[in-house]
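# Per-entry structural report
Next come the chains, spelled out residue by residue.
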Amino acid sequence: QVQLAESGGGLVQPGGSLRLSCEASGLTFSRYGMNWYRQAPGKERDYVAGISSTGGITTYADSVKGRFTISRDNAKNTLYLQMNSLKPEDTAVYYCKVVLLGVFYWGQGTQVTVSS
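As a starting point, this report considers the structure included with it. A quick note: this is a predicted structure, and the numbers were derived from the prediction, not measured.

The rules we used
- Residues numbered from 1 in each chain as written.
- Predicted model: local features only at pLDDT ≥ 70, side-chain atom pairs only at ≥ 80, totals over all residues.
- Heavy atoms only, no water.
- Helix = DSSP H or I, 4+ residues; strand = E, 2+ residues; numbered from the N terminus.
- Buried < 20%, exposed > 50% of the residue type's maximum accessible area, 1.4 Å probe, protein only.
- Contact = heavy atoms within 4.5 Å.
- Core = buried A, V, L, I, M, F, W, Y, C linked by side-chain atoms within 4.5 Å.
- Phe/Tyr/Trp six-rings, centres within 6.5 Å; stacked < 30°, edge-to-face > 60°.
- Pairing = 2+ DSSP bridges.
- Axes fitted to C-alpha atoms, helices over the stretch in contact; angles between N-to-C directions.

### Quick notes on the side chain of Asn35
- Counting through the fold element by element, Asn35 comes out in strand 4 (residues 34–39).
- Here Asn35 falls in the buried class, since its relative accessible area comes to 18%.
- Not counting residues up to four positions away in its chain, the partners in contact with Asn35 are Tyr47, Ala49, Gly50, Leu79, Tyr95, Cys96 and Lys97.

### Looking at the nonpolar core
- Ranked by size, the top nonpolar core spans 30 residues in total, and within it Trp36, Leu79, Leu81, Met83 and Tyr94 carry the most contacts.
- Secondary structure elements with two or more residues in this core: strand 3 (18–25), strand 4, strand 5 (45–51), strand 7 (68–73), strand 8 (78–83), strand 9 (92–100) and strand 11 (110–114).
- Counting residues per element, this core draws most heavily on strand 9, which supplies five residues.
- Those residues in contact with Tyr94, other than ones at most four positions away along the chain, are Glu6, Leu20, Trp36, Tyr37, Arg38, Val48, Phe68, Leu81, Met83, Gly109, Thr110 and Val112.

### Considering the packing of aromatic side chains
- With the rule as written, the count across this model stands at three aromatic pairs.
- Measuring from ring centre to ring centre gives 5.6 Å for Tyr37 and Tyr47, while their planes differ by 80°; the resulting arrangement is edge-to-face. One end of the pair, Tyr37, is in strand 4; the other, Tyr47, is in strand 5, with 10 residues separating them in the sequence.
- Tyr37 sits in the buried class, given a relative accessible area of 16%.
- Judged by relative accessible area, which is 30%, Tyr47 ranks as partly exposed.
- Seen from their ring centres, Tyr95 and Trp106 are 6.3 Å apart, and the 90° between their planes marks the pair as edge-to-face. Taken as a pair, Tyr95 in strand 9 and Trp106 in strand 10 (residues 103–106) lie far apart in primary sequence, 11 residues in all.
- Judged by relative accessible area, Trp106 falls into the partly exposed class, the value being 32%.
- Ring pairing ties together the aromatic residues Tyr37, Tyr47, Tyr95 and Trp106, which thus form one cluster.

### Details of the sheet that holds strand 8
- Here four strands make up an open sheet; going across it, the order is 1-3-8-7 and the pairing antiparallel. Of all strands in the sheet, those bounded by a partner on one side alone are strand 1 (3–7) and strand 7. Each strand of the sheet is rotated relative to its neighbour by a mean of 15°, with strand direction disregarded.
- By the bridge criterion, five bridges tie strand 1 to strand 3 in an arrangement that is antiparallel. Pairing of Gln3 across the sheet is with Ser25, part of strand 3.

Here it is, written out as structure tokens:
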């Protein structure tokens, strides 16, 4: 059974940094592209970043480009999101996602709050 577990969220001041992790199990992690999404209160879940199975290709939403970096460690079955220069509008629950045979798998999410 595929399971994704996010961690690393918290409260941070504007301009600060956080590193999120997503530990995957129940799949051959190195074979799949992975994504980060986020959902702010009262809003839809939005795409943040994606990475190919080998890590060679990454994509970002315009709103986070230049501030966030997605990466992965296939030996540890773990996906990361380094978030720098955080802004109050980055406040959201952050989710990792993988698609296997057309089925979407999500983690439980980790809360990121950017506030002074």
